[in-house]
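Here is how the chains run, residue by residue.
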Amino acid sequence: MNNERLKEVLAAARHETAKVIIGQHDVIEKALICIFTGNHALIEGVPGVAKTLLVRTLAHVLGCDFARIQFTPDLMPADITGTSVFNLQRNEFSVVKGPVFTSFLLADEINRAPAKTQSALLQAMQERLVTIDRETHTLSPNFTVFATQNPIEYEGTYPLPEAQKDRFMLKITMRAPGRDEELTLATRTMTKESPEAMLASGAIQAVIKADDLVALREQIGAVVMREELVAYLVDIVRATRQHESILVGAGPRATQSLMMASRAYAAMSGRDFVTPDDIKSMAVPVLEHRIILRPEFEIEGLSVAEVIQQILEQIAVPR
Ligand SMILES: Nc1ncnc2c1ncn2[C@@H]1O[C@H](COP(=O)(O)OP(=O)(O)O)[C@@H](O)[C@H]1O
Ligand SMILES: [Mg+2]
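None of these values were measured; they are calculated from a predicted model. (Residues numbered from 1 in each chain as written. Chains lettered and ligands numbered in written order. Predicted model: local features only at pLDDT ≥ 70, side-chain atom pairs only at ≥ 80, totals over all residues.)

**Here we look at the site of ligand 1**
And then number 1: In the vicinity of ligand 1 there are 17 residues, among which Ile-22, Ala-50, Lys-51, Thr-52 and Leu-53 approach most closely.
And then number 2: Elements supplying a minimum of two residues to the shell around ligand 1: helix 3 (51-61), helix 7 (179-188) and helix 8 (195-201).
And then number 3: It is helix 3 that provides the largest number of residues to the shell around ligand 1, a total of 3 residues.
And then number 4: Its residues assigned to classes, the shell around ligand 1 comprises 9 nonpolar, 5 polar and 3 charged. (Near = placed C-beta within 6 Å. Helix = DSSP H or I, 4+ residues; strand = E, 2+ residues; numbered from the N terminus. Nonpolar A, V, L, I, M, F, W, Y, C, P; charged D, E, K, R; others polar.)

**A closer look at the pairing of strand 7 (residues 135-138)**
And then number 1: In this structure, strand 6 (residues 129-132) lies alongside strand 7, joined through 4 bridges in antiparallel fashion. Bridge pairing in strand 7 places Ile-132 opposite Glu-135.
And then number 2: Counting the residues between successive antiparallel strands, the hairpin from strand 6 to strand 7 contains 2 residues, one of them, Asp-133, with a positive phi of roughly 55°. (Pairing = 2+ DSSP bridges.)

**Some words on the environment of Glu-16**
And then number 1: With respect to the helices and strands, the residue Glu-16 is situated in helix 1 (residues 3-20).
And then number 2: Of the residues examined, Glu-16 has 22 C-beta atoms within 10 Å and is grouped as buried.
And then number 3: Those residues in contact with Glu-16 that lie beyond four places of it in its chain are Val-61, Ile-204, Gln-205 and Val-207. (Buried ≥ 20, exposed ≤ 12 C-beta atoms within 10 Å, placed from the backbone. Contact = placed C-beta atoms within 7 Å.)

**A few points about the environment of His-137**
And then number 1: With respect to the helices and strands, the residue His-137 is situated in strand 7.
And then number 2: His-137 gets classed as partly exposed once you count the C-beta atoms within 10 Å, which come to 16.

**Brief notes about helix 10 (residues 227-239)**
And then number 1: With 13 residues, helix 10 extends 18 Å between its outermost C-alpha atoms, agreeing within 8% with the 18 Å of an ideal straight helix rising 1.5 Å per residue.
And then number 2: Inspection of helix 10 places Leu-229, Tyr-232, Leu-233, Ile-236 and Val-237 among the buried residues, and these make up the whole buried set. The buried residues of helix 10 occupy one face: seen down the axis, they fall within an arc of 130°. Of the exposed residues in helix 10, the ones pointing more than 90 degrees away from its buried face are Glu-227, Glu-228 and Ala-231.
And then number 3: Of the surrounding elements, those touching the buried residues of helix 10 are helix 11 (252-268), helix 12 (276-287) and helix 14 (304-314). (Expected span 1.5 Å × (residues − 1). Arc of directions from axis to C-beta.)

**Describing the domain arrangement of the chain**
And then number 1: Each domain of the chain was delimited in the assignment, giving domain 1 (3-221) and domain 2 (223-319).
And then number 2: Once you take the C-alpha centre of each, domain 1 and domain 2 turn out to be 24 Å apart.
And then number 3: Listed as interface residues are 21 residues of domain 1 and, on the opposing side, 20 residues of domain 2.
And then number 4: Elements with a contribution of two residues or more to the side of domain 1 that touches domain 2: helix 1, helix 2 (25-36), helix 6 (162-165) and strand 9 (170-173).
And then number 5: Broken down by element, the side of domain 1 that touches domain 2 gets its largest block of residues, 5 residues, from helix 2.
And then number 6: For the side of domain 1 that touches domain 2, a count of residues per class yields 11 nonpolar, 3 polar and 7 charged. (Domains from an automatic or database assignment.)

Here you go:
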């Protein structure tokens, strides 16, 4: 596996995915960045913007299996991880593995389940291990969680604490389609080119086998990042802890995430080296969900993304 192959696969994956998902190019890019760095994504968007379709399509394109869990108030940790049940015929307990035993897991509406259930998933994400009845099981090396959150429905939900959100590498915001995209969607509806028909008909191809994905992912580490750029990146994250409008800044996981995301973004752009613009492009999706503004600034209508932009403007870009 070499770097050329990595760039080739990334380009092909984007191309195939775009045959199903209309527009949303930045969303596809960010999802691939999470997958290719072995991390997890928090997807925010109202119902109907193709969150489910996106993850199903990516699984298809990357030759990975897919599962979905709908989070509800009565969902139990064992509904995620699995349980052991008594087998009457064999007169013994046997393990029934839960939906985390997959590659791409869509955790739909994660904030509808209580904290205990959310933690079961977060622990699996972190450790890539699951303990069922004192027995430890290893998850797929490609295990990637896409947790969705609806930005509107706050009532009767359990928002993820910031410390938990920190486990997600990127926050991906999916917006409603633009007019042209919606026109394309409308035109394709009830034809062989509808998103569902494209996915079901085999018109889109897997660009890699799941087993090769592991080896290919390691190539991201070979993307070169100059020392000055590492320092630049560290200073950006550290500045979130000193900014006057910020109550809680980003922790060191943000630094690691920004390192990985910037490298993957460079590879996605067909380069073997990171530029300051790669870091700038990844700063908002890496940092946005890890920062809490001071209430007085939030009331004024300031957004976290705007504060991150201010920070980017303040820090000198290395030449
Ligand atoms: N950008 C898009 N590209 C392709 N299909 C779309 C797009 N936006 C909406 N759709 C259509 O809307 C349907 C609903 O998408 P779905 O993935 O179920 O949404 P969500 O999970 O966000 O509620 C899709 O299956 C597809 O037919
Ligand atoms: Mg859905």
